[in-house]
Amino acid sequence: MEGQVAVVTGAARGVGELLARKLSAHGVRVALVGLEPEALKDLSTRLYADSDHWYADVTDQAAMTRVAAEVKERFGKVDIVVANAGVATGGPFMDSDPDSWRRVIEVNLLGAAATARAFLPLLAESRGYLLQVASLAAVTPAPMMSAYCASKSGVEAYAHCLRAEVGHLGVKVGVAYLSWTDTDMVRGADQDDVMRELRARLPWPANKTYPLSPAVDRILHGIERRSAHVYGQWWLRHMQSVRGALPMLIGTVGAHEVARYGERLAQVPKGLVGAGGAADERSRGGGA
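Residues numbered from 1 in each chain as written. Predicted model: local features only at pLDDT ≥ 70, side-chain atom pairs only at ≥ 80, totals over all residues. Heavy atoms only, no water.

A sheet is described by the order of its strands in space; here 7 strands give the open sequence β3-β2-β1-β4-β5-β6-β7, paired in parallel fashion. The open sheet terminates on both sides in strands that have one partner only, identified here as β3 (51-55) and β7 (229-231). Geometrically, the sheet is characterised by an average inter-axis angle of 15 degrees between neighbouring strands, direction not taken into account. Most of the contacts of helix α2 (residues 37-45) go to β3, to which it runs at about 175 degrees, and overall it touches β2 (29-34) and β3. (Pairing = 2+ DSSP bridges. Helix = DSSP H or I, 4+ residues; strand = E, 2+ residues; numbered from the N terminus. Axes fitted to C-alpha atoms, helices over the stretch in contact; angles between N-to-C directions. Contact = heavy atoms within 4.5 Å.)

The next thing to look at is the pattern of salt bridges. One pass over the full model with this rule turns up 20 salt bridges. A salt bridge links R13 to D184, with the nearest nitrogen and oxygen atoms 2.5 Å apart. Highlighted residues: R13 in the loop between β1 (5-9) and α1 (14-25) and D184 in helix α6 (residues 184-190), separated in sequence by 171 residues. With a relative accessible area of 24%, R13 lands in the partly exposed category. Residues E17 and R21 are paired through a salt bridge, measuring 3.0 Å at the closest nitrogen-oxygen approach. (Salt bridge = Lys/Arg side-chain N within 4 Å of Asp/Glu carboxyl O. Buried < 20%, exposed > 50% of the residue type's maximum accessible area, 1.4 Å probe, protein only.)

By the bridge criterion, 5 bridges tie β2 to β3 in an arrangement that is parallel. Looking at β3, one finds that A31 is bridged to D52. With α2 bridging β2 and its parallel neighbour β3, the resulting β-α-β unit is right-handed. (Right-handed = clockwise from strand over helix to strand, strands pointing away.)

For the structure shown, the criterion picks out 4 aromatic pairs. Here the aromatic rings of Y177 and Y231 are separated by 5.3 Å at their centres, their planes lie at 15 degrees, and the arrangement is stacked. With Y177 in strand β6 (residues 172-177) and Y231 in strand β7, the pair connects residues that are 54 residues apart, well separated along the chain. What makes Y177 buried here is its relative accessible area of 1%. Residue class for Y231 comes out buried when judged on its relative accessible area of 9%. Between Y210 and W235 the ring centres are 6.1 Å apart and the planes differ by 45 degrees, which places this aromatic pair in the tilted class. Taken together, the positions of Y210 in the loop between α7 (193-200) and α8 (212-225) and W235 in the loop between β7 and α9 (236-239) put the pair 25 residues apart, joining distant regions of the chain. The exposure class of Y210 is buried, given its relative accessible area of 10%. Note on W235: relative accessible area 5%, which makes it buried. (Phe/Tyr/Trp six-rings, centres within 6.5 Å; stacked < 30°, edge-to-face > 60°.)

What follows is the structure, encoded as structure tokens:
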């Protein structure tokens, strides 16, 4: 991949940050996109290969179109786009904050579409690769995570549709699946006792938090191979064969699990979780 140009959204932290580092170590020139300009600038100065950074909200189509033009001007081309930006909220849907719930859909699904719309013309020029970061949440529903599951199911389906539409242009499209991985988002969700306890009661191996670096190594390998499916944890591949049975099973078992928490459910925070969620709220004037 040496000499190629990659765009990574949500690059200020977590999966995006480490992936940018690993891409750079392979000689890839990286365009960092996100909502934390100081963190992006700092990361850019510490990468091995040539890089630059752009402040942009992925849900702003005009901003993403501008970024695409500036990245093309800066680097001359785009070979790889990783649509990684994402936020999450938890808790019962009936008690959820409508604005936070909607924002998860906007960032995770509409933001992914805005990213692709801006960069697909450049990927068509380079016959490049678009990797959409999804989640285990795209494969299996989970109580207390309705917005996140809806958004990740959406991006999975959207990316599969896109693969068929742009294949004749030489553009490859992949979907990356990750289980609970040690990022600020997961650590933020775990700060709530109910969400942490519910997750701990999931069956193995879905009840563990997995280290970040091996998951990103798997993503990097998928990018090298321009894979249609990339699995951040080895066992996620096998979930595909049983996903049809999961909604009924989780609907039954999950109802009993949620009932155990009774009035404690009302105490689950209603905003976006983690440092990334806080950065998103600040960018819209909603946080400190």
